[in-house]
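Observations on the model geometry
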Amino acid sequence: MLKKITVAVSSILLLAACGAGGGDDAAGDDGTITMGFAQVGAESGWRTANTKSVQEAAKAAGIDLKFSDAQQKQENQIKAIRSYVQQKVDVIAFSPVVETGWDTVLLEAKRANIPVILTDRAIDSEDTSLYETFLGSDFVEEGNKAAQWLLDNTTGAQKVVELQGTTGAAPAIDRKKGFEEVIASRPDIEIVASQTGDFTRSGGKQVMEAFLRSTPDIDVVYAHNDDMGLGAIEAIRAAGKVPGKDITIITVDAVKAGMEALAAGEINFIVECNPLLGEQLMDLAKKVVAGEEVPARVVTEEGTFTQEQAKAALPDRQY
Ligand code: AHR
């Protein structure tokens, strides 16, 4: 039976003591693959859906999943990966909280002959031999789409405030880059303030409150995820303004709560980021453990939603 273990830093040693798998073998004696999965945290609706997808897909694929929650701290993820190496799991998968600082621990996994799969977020390392493949979205493209909608749906000067994701995280870096690339063609669109809200609703609310105090006449909020956008909506309402009308709101993810706000007219446009990566991850894991070739990059397919499209999609939305 699938063992689900949620680890805080303190319980990582406990995990290490549980032992399973074997980095030098293709899989356990009975053929069961053991995967160590080091998740970022539980910061957003997207992350909750992603965790559920990974856990359900592991169960369906008959993969023994060891799961840890790093609470958005890189040191916790490093400890979790190290514990998976000690336990000699068959494969390690993780979604890196930030882009840099992984080489040492991934070299330990490589020396132990344990393949690593990056899922959702990439790392910034020159040594691509440290991982087998990267499964996830094109975050630059998501930023491009968000900005393109703004270009296509506004005329005249636009003062934009940006709610960034976690500092140093791939989606924060790339969604900013992608947005800036496209607005460069419209000099009258300007990012007048930009700060991290750490991908959380409370972070988005707090930063938006500060923006509303410090920056007059905000036209647009560009939030790197729905949760921060939902926090911004609370702040905008509390300031006596109407979200989606007085201030245009663009977000990324398309989780249910975001889609409901979009359908209700409080968000104006959402770029989709698909969290349902579990099934593809388990397929890749099986191939990697069997020594089969896998593509170096697997890009998730995703779309965008207007208010009308959100209304149509909501009844069937899974997450
Ligand atoms: O890495 C994916 C991002 O992480 C999601 O867009 C955001 O909601 C999450 O926290």
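Counting restarts for each chain, with residues numbered from 1 along the sequence as it is written. Reporting in this predicted model follows two pLDDT cut-offs: at least 70 for local features of residues, and 80 or more for side-chain atom pairs to be given and counted; totals over whole chains, interfaces and linings ignore these cut-offs and use all residues. Excluding hydrogens and water, the side-chain values take into account all heavy atoms of the structure.

As annotated in an unreviewed UniProt entry, the protein chain carries the name LacI family transcriptional regulator and is attributed to Actinophytocola xinjiangensis. UniProt positions are given in the numbering used here, feature names are shortened, and annotations may be inferred rather than shown by experiment. A UniProt comment under Sequence similarities (unreviewed entry) is attached to the protein chain, and it reads "Belongs to the bacterial solute-binding protein 2 family." As recorded by UniProt, the Subcellular location (unreviewed entry) comment attached to the protein chain reads in full: "Cell envelope".

Before going further, it helps to spend a moment on the nonpolar core. Grouped together as the largest cluster of nonpolar side chains are 30 residues, with contacts concentrated most on Leu163, Met208, Phe211, Val221, Met259 and Ile267. A run of H or I in DSSP counts as a helix once it spans at least four residues, and a run of E counts as a strand once it spans at least two, with each numbered from the N terminus. Sorting the residues of this core by element identifies β6 (158-164), α7 (201-214), β8 (220-223), α8 (226-238), α9 (256-263) and α11 (307-313) as the ones contributing at least two each. If one sorts the elements of this core by residue count, α8 sits on top with 6 residues. Other than its neighbours up to four places away in sequence, Ile267 contacts Leu230, Ile233, Ile249, Thr251, Gly258, Ala261, Leu262 and Gln307. Working definition of a nonpolar core: buried Ala, Val, Leu, Ile, Met, Phe, Trp, Tyr and Cys residues. They are joined through side-chain atoms within 4.5 Å. Between buried and exposed lies partly exposed: a residue is buried under 20% and exposed over 50% of the maximum accessible area for its type, with that area taken using a 1.4 Å probe on protein chains only. Here, two residues are considered to be in contact whenever any of their heavy atoms come within 4.5 Å of each other.

This paragraph deals with the site of the ligand. Around the ligand, the structure places Glu43, Ser44, Trp46, Arg47, Asp120, Arg121, Phe139, Pro171, Arg175, Phe199, Asn225 and Asp253. Contacts described as polar in this section are N or O atom pairs within 3.5 Å, which, within protein, must combine one atom able to donate a hydrogen with one able to accept it, while residues neighboring in sequence count only if both atoms come from side chains. Interatomic distance of 2.5 Å between a side-chain N/O atom of Glu43 and an oxygen atom of the ligand. In isolation the ligand exposes 280 Å². Once the protein is present, 100% of that is buried. Elements that contribute at least two residues to the shell around the ligand include exactly α2 (45-61) and α6 (170-183). Under the scheme applied here, ten amino acids are nonpolar (Ala, Val, Leu, Ile, Met, Phe, Trp, Tyr, Cys and Pro), four are charged (Asp, Glu, Lys and Arg), and all others, including Gly, are polar. Classifying every residue of the shell around the ligand by side-chain character gives 4 nonpolar, 2 polar and 6 charged. When at least one non-hydrogen atom of a residue lies within 4 Å of a molecule or strand, that residue is treated as near it. For the area figures, the Shrake-Rupley method with a 1.4 Å probe applies, and any residue is considered shielded solely by the protein chains shown.

Its place among the elements puts Ser125 in the loop between β4 (116-119) and β5 (133-136). The buried category is assigned to Ser125, whose relative accessible area is 14%. There is a polar contact of 3.0 Å between the side chain of Ser125 and the side chain of Asp103. A distance of 3.1 Å separates the side chain of Ser125 from the backbone nitrogen of Asp127, its partner in a polar contact.

What follows covers the domain arrangement of the protein chain. Note: domain ranges come from an automatic or database domain assignment. Along its sequence, the protein chain is organised into domain 1 (9-137 + 274-301) and domain 2 (139-273). Opposite the 14 residues of domain 1 that make contact, domain 2 presents 19 residues. Whenever Lys or Arg places a side-chain nitrogen within 4 Å of a carboxyl oxygen from Asp or Glu, that contact is recorded as a salt bridge. Applying the counting criterion to the domain 1 and domain 2 interface returns 0 salt bridges. Between the two partners, domain 1 and domain 2, sit 5 residue pairs in polar contact (both at pLDDT 80 or more). The class makeup of the residues in the side of domain 1 that touches domain 2 is 5 nonpolar, 5 polar and 4 charged.

Let's shift gears to the sheet that holds strand β10 (residues 269-272). For two strands to pair, DSSP has to find at least two bridges joining them. Strand order in the open sheet made by the 6 strands is β7-β6-β8-β9-β10-β12, with mixed pairing throughout. Of all the strands in the sheet, just β7 (189-196) and β12 (304-305) have a single pairing partner and so form its edges. For β10 and β12, the ladder comprises 2 bridges, and the chain directions are antiparallel. Along β12, the bridge assignment pairs Ile270 with Phe305. Working convention: axes come from line fits to C-alpha atoms, limited for helices to the stretch in contact. Angles between N-to-C directions cover 0 to 180 degrees. The strands that α6 touches are β6, β7, β8 and β9 (248-253); relative to β7, the one it contacts most, it runs at about 170°.

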